[in-house]
Amino acid sequence: IHNRVTCDGCGTFPLIGTRYRCSMCPNYDLCESCIDVAEKTPSPLHDPTHLFLRIAKNDPKHDSYPVVVNRCNAIHHGIVCDGCGVKDIRGYRYQCQSCPDLDFCEACEAKGVHDVSHPRIKISFPRSHPSN
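Residues numbered from 1 in each chain as written. Predicted model: local features only at pLDDT ≥ 70, side-chain atom pairs only at ≥ 80, totals over all residues. Heavy atoms only, no water.

Chemist: Where do I start with the overall build of the protein in this structure?
Modeler: For the protein, the helix and strand inventory stands at two helices and eight strands. When the helices and strands of the protein are read in sequence order from the N terminus, they spell out β-β-α-β-β-β-β-β-α-β. Along the longest, intermediate and shortest principal axes, the C-alpha atoms of the protein span 45 × 30 × 25 Å. For the protein, the proportion of contacts with a sequence separation of at least 24, taken over those separated by at least 6, is 44%. By element, 55% of the accessible surface of the protein is carried by carbon and sulfur atoms, the whole surface being about 7900 Å². Averaged over its 15 positive side-chain charges, the protein has a centre that lies 4 Å from the centre of its 15 negative ones. (Helix = DSSP H or I, 4+ residues; strand = E, 2+ residues; numbered from the N terminus. Contact = heavy atoms within 4.5 Å. Areas by Shrake-Rupley, 256 points an atom, 1.4 Å probe, with all protein chains shown as cover. Lys, Arg positive; Asp, Glu negative; His and termini not counted. Charge placed at Lys NZ, Arg CZ, Asp CG, Glu CD.)

Structure below.
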């Protein structure tokens, strides 16, 4: 049983059995039944190109892994992803250090939409003022 985790596919709470955590979204989990359905019939609610982490058992250590932490409350207000155009990036924000004013959401960074040879800063928490 994965306490405090809801399946975003069917709404089951708590999530029982193997948990599938999207590695590219701030907070998206599926149960075993829903991951099987998602693999056969992609949903318009979630990008089918995203990779999932398989978490077989509930272990408190997993909750501290950065890719598992719920990051949906980390909202970078006023920042638009230059890869997909999403406004107010949620979760980790990646800022290119070679190009002026280029920011990417977690999914675009994971997909490599920008030159992978450019160094990035990974910004976990938004700054308190909108001029970040």
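Next comes the rest of the description.
Chemist: Is there a simple way to think about the environment of Ser43 in this case?
Modeler: The residue Ser43 is located in the loop between α1 (32-40) and β3 (52-55) in this model. Sequence separation between Ser43 and Gly9 is 34 residues, and the spatial gap between their C-alpha atoms is 9.4 Å.

Chemist: Is there a simple way to explain the sheet that holds strand β7 (residues 103-104) in this structure?
Modeler: The antiparallel open sheet is built from three strands, whose spatial order is β7-β6-β8. The open sheet terminates on both sides in strands that have one partner only, identified here as β7 and β8 (120-123). Summarising the sheet, strand β6 (residues 93-96) and β7 pair through two bridges and their orientation is antiparallel. Paired with Gln95 across the two strands is Asp103, which belongs to β7. (Pairing = 2+ DSSP bridges.)

Chemist: I would appreciate a short explanation of the nonpolar core in the present structure.
Modeler: One recurring pattern in soluble globular proteins: nonpolar side chains tend to sit buried together. Cys7, Leu30, Cys81, Phe104 and Cys105 are the most contacted members of the largest nonpolar core, which totals 24 residues. Looking at this core, the elements with two or more residues in it are β1 (19-22), α1, β6 and α2 (106-111). Beyond its immediate stretch of four places on either side in the chain, Leu30 contacts Cys7, Asp8, Gly9, Leu15, Thr18, Arg19, Tyr20, Ile35, Ala38 and Phe52. (Core = buried A, V, L, I, M, F, W, Y, C linked by side-chain atoms within 4.5 Å. Buried < 20%, exposed > 50% of the residue type's maximum accessible area, 1.4 Å probe, protein only.)

Chemist: Hey, could you run me through the environment of Val113 in this one?
Modeler: Along the chain, Val113 falls in the loop between α2 and β8. Sequence separation between Val113 and Leu51 is 62 residues, and the spatial gap between their C-alpha atoms is 15 Å. Ignoring sequence-local partners within four residues, the contact set of Val113 consists of Gly83, Phe104 and Cys108.

Chemist: Is there a simple way to explain the pattern of salt bridges in this structure?
Modeler: Opposite charge on two side chains permits pairing when their charged atoms draw close. Using the criterion set out here, one finds six salt bridges in the structure. One salt bridge in this structure joins Arg21 and Asp29, with 3.6 Å as the shortest N-O distance. As far as burial versus exposure is concerned, Arg21 and Asp29 are alike and both buried. Measuring nitrogen to oxygen at the nearest pair gives 2.6 Å for the salt bridge that ties Glu106 to Arg71. Taken together, the residues Glu106 in helix α2 and Arg71 in the loop between β3 and β4 (75-80) connect sequence positions 35 residues apart. Judged by its relative accessible area of 5%, Arg71 falls in the buried class. The network of salt bridges with common partners includes Arg19, Arg21 and Asp29. (Salt bridge = Lys/Arg side-chain N within 4 Å of Asp/Glu carboxyl O.)

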